[in-house]
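# Structural features, examined
Residue strings, one per chain:
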Amino acid sequence: MRLPLSQLKNALIAIFGEGVDIIEAYRELALEVPMAQLSATMQRLRDDANLLFDALTDVAGVDYEGFTGREPGAPRFAVVYHLLSTKHNWRLRVRAFVESEIVPTAPSMAPLWPSANWMERECFDLFGIAFDGHPDLRRILTDYGFTGHPFRKDFPLSGNIEMRYDPEQKKVVYEPVTVEPRDNVPRIVREPHYGDGAPMPIPPAETPR
């Protein structure tokens, strides 16, 4: 049986105080935590008898570059954790913003939930977020010689490097990408003069009937 969501919210306030940042939307709760307090908060979410979030089901990175409403100087990257309490049948998201954009770093949750291992490696591979204390932090989805992090907003769609087998050298070689940039907007939905730099025409207002 799933306990009411209000009971989870009250339990979080009782444990972390009135100032805890709880976001409620779509019948779900999200807890926003400063990165410096993330490890202690996550341990309490797992071990407190009133919560018992014993399962970590997902770890995701977020790149807020160009995000509507993002204030200048606000952190660019965040790590989002999805927790499950099998005892109370509760789900909770925990978000922590990464302090540095140059070397984005977060503490590893692998010591608390072993399931974090491969998920943090994926987040590192795709977003370039390093997890301090991870037992084996290396790429997991891209090639060993891959350059960059493909889920970042500024990563080119065609990539930076292409790989092929050279029969003369009898080995795999890496070269700059040769794919030419192209439009990814289907032709049938493009406006007139799409891509030629001309201003888009303003459609006439609909005449009221």
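Residue positions are counted from 1 within each chain, in the order its sequence is given. Residue-level local features of this predicted model are given only where pLDDT is at least 70; pairs of side-chain atoms are given and counted only at 80 or more, and the full residue set underlies all totals for whole chains, interfaces and linings. Hydrogens and waters are ignored; side-chain quantities use all the structure's heavy atoms.

## Concerning the nonpolar core
Met42, Leu45, Leu51, Leu56, Tyr81, Val94 and Met109 are the most contacted members of the largest nonpolar core, which totals 39 residues. For this core, the elements supplying multiple residues, two or more each, are helix H1 (5-16), strand E2 (28-32), helix H2 (38-47), strand E3 (55-63), strand E4 (77-85), strand E5 (90-97) and helix H3 (116-127). Non-local contacts of Met42, meaning those with residues more than four positions away in its chain, are made with Tyr81, Leu83, Val94, Met109, Leu112 and Trp113. Note on terminology: a nonpolar core comprises buried Ala, Val, Leu, Ile, Met, Phe, Trp, Tyr and Cys residues joined through side-chain atoms within 4.5 Å. Burial classes: relative accessible area under 20% of the type maximum marks a residue as buried, over 50% as exposed, and values in between as partly exposed (1.4 Å probe, protein chains only). Numbering of helices and strands starts at the N terminus; helices are DSSP runs of H or I of at least 4 residues and strands are runs of E of at least 2. In this description, contact between two residues means that some pair of their heavy atoms is separated by no more than 4.5 Å.

## A closer look at the packing of H1 against H2
A fitted line through C-alpha atoms serves as each axis, taken over the contacting stretch for helices, and the angle formed by two N-to-C directions is quoted from 0 to 180°. Packing of H1 against H2 brings their axes to within 12 Å, and their N-to-C directions diverge by 130°. Overall, the two elements H1 and H2 adopt an arrangement that is oblique. Both H1 and H2 take part in a crossing whose hand is right-handed. The residues of H2 that touch H1, namely those facing Leu12, Ile15 and Phe16, are Thr41, Arg44 and Leu45. We call Asp, Glu, Lys and Arg charged. Ala, Val, Leu, Ile, Met, Phe, Trp, Tyr, Cys and Pro are nonpolar, and the rest, Gly among them, are polar. Among the residues making up the contact of H1 with H2, the classes are represented as four nonpolar, one polar and one charged. Convention used here: angles under 35 degrees read as roughly parallel, angles over 145 as roughly antiparallel, angles from 65 to 115 as roughly perpendicular, and any remaining angle as oblique. Definitions for this section: a left-handed crossing has its near helix turned counterclockwise from the far helix by less than a right angle. A right-handed crossing has that turn clockwise.

## Observations concerning H3
Here a helix's expected span is defined as the number of its residues, less one, multiplied by 1.5 Å. For H3, built from twelve residues, the straight-helix expectation of 16 Å at 1.5 Å per residue is met to within 8% by its first-to-last C-alpha distance of 16 Å. Considered for burial, the residues of H3 that qualify are Ala116, Met119, Glu120, Arg121, Cys123, Asp125, Leu126 and Phe127. The inward-facing, buried residues of H3 abut E3, E4, strand E6 (105-107) and strand E7 (130-132). Trailing H3 by a residue or two, Gly128 shows a phi angle of about 80°, which is positive.

## Brief notes about the side chain of Thr41
One can find Thr41 in helix H2. Owing to a relative accessible area of 8%, Thr41 belongs among the buried residues under this scheme. Residues adjacent in sequence count toward polar contacts only when both atoms are side-chain atoms; beyond that, a polar contact is any pair of N or O atoms within 3.5 Å, and within protein one must be able to donate a hydrogen and the other to accept it. Here Gln37 takes part through its backbone oxygen, which lies 2.8 Å from a polar atom of the side chain of Thr41. In contact with Thr41, other than residues within four places in its own chain, are Phe16, Leu31 and Val33.

## What about the sheet that holds E3?
Think of it this way: DSSP has to see at least two bridges between two strands before they count as a pair. Pairing within the open sheet is mixed, and its five strands lie in the order E1-E2-E5-E4-E3. In the strand order of this sheet, the two ends are held by strand E1 (21-25) and E3, each with one partner. Recorded for the sheet is a direction-independent mean angle of 25° between the axes of neighbouring strands. Pairing between E3 and E4: eight bridges, direction antiparallel. Looking across to E4, one finds that Asp58 is bridged to His82. Across the sheet, H1 touches E1, E2 and E5, and the angle it forms with E2 is around 15°. Strands E3 and E4 of the sheet are contacted by H3, whose axis makes an angle of about 5° with E3.

## Digging into a nonpolar patch on the surface
Here, patches come from residues exposed beyond 30% relative accessible area and free of salt bridges, joined within 9 Å for like charges and within 5 Å for nonpolar side chains (Val, Leu, Ile, Met, Phe, Trp, Tyr). Values of accessible area rely on a 1.4 Å probe in the Shrake-Rupley scheme; residue burial ignores everything except the protein chains shown. By salt bridge we mean one thing: a side-chain nitrogen of Lys or Arg within 4 Å of a carboxyl oxygen of Asp or Glu. Together, Ile161, Met163, Tyr165, Val172 and Tyr174 make up an exposed nonpolar region whose accessible area comes to about 500 Å². Among the secondary structure elements, those contributing two or more residues to the nonpolar patch are strand E8 (161-166) and strand E9 (171-176). Of all the elements, E8 adds the most residues to the nonpolar patch, at three residues. Its location among the elements puts Met163 in strand E8. With relative accessibility at 48%, the residue Met163 sits in the partly exposed group.

## Quick notes on H2
Taken together, the buried positions of H2 are occupied by Leu38, Thr41, Met42 and Leu45. Projected onto a plane normal to the axis of H2, the buried residues spread over an arc of 95° and lie on a single side. Of the surrounding secondary structure, the elements contacted by the buried residues of H2 are H1, E2, E4, E5 and E6. Directions are taken from the helix axis to each C-beta atom, and the arc is the one they span.

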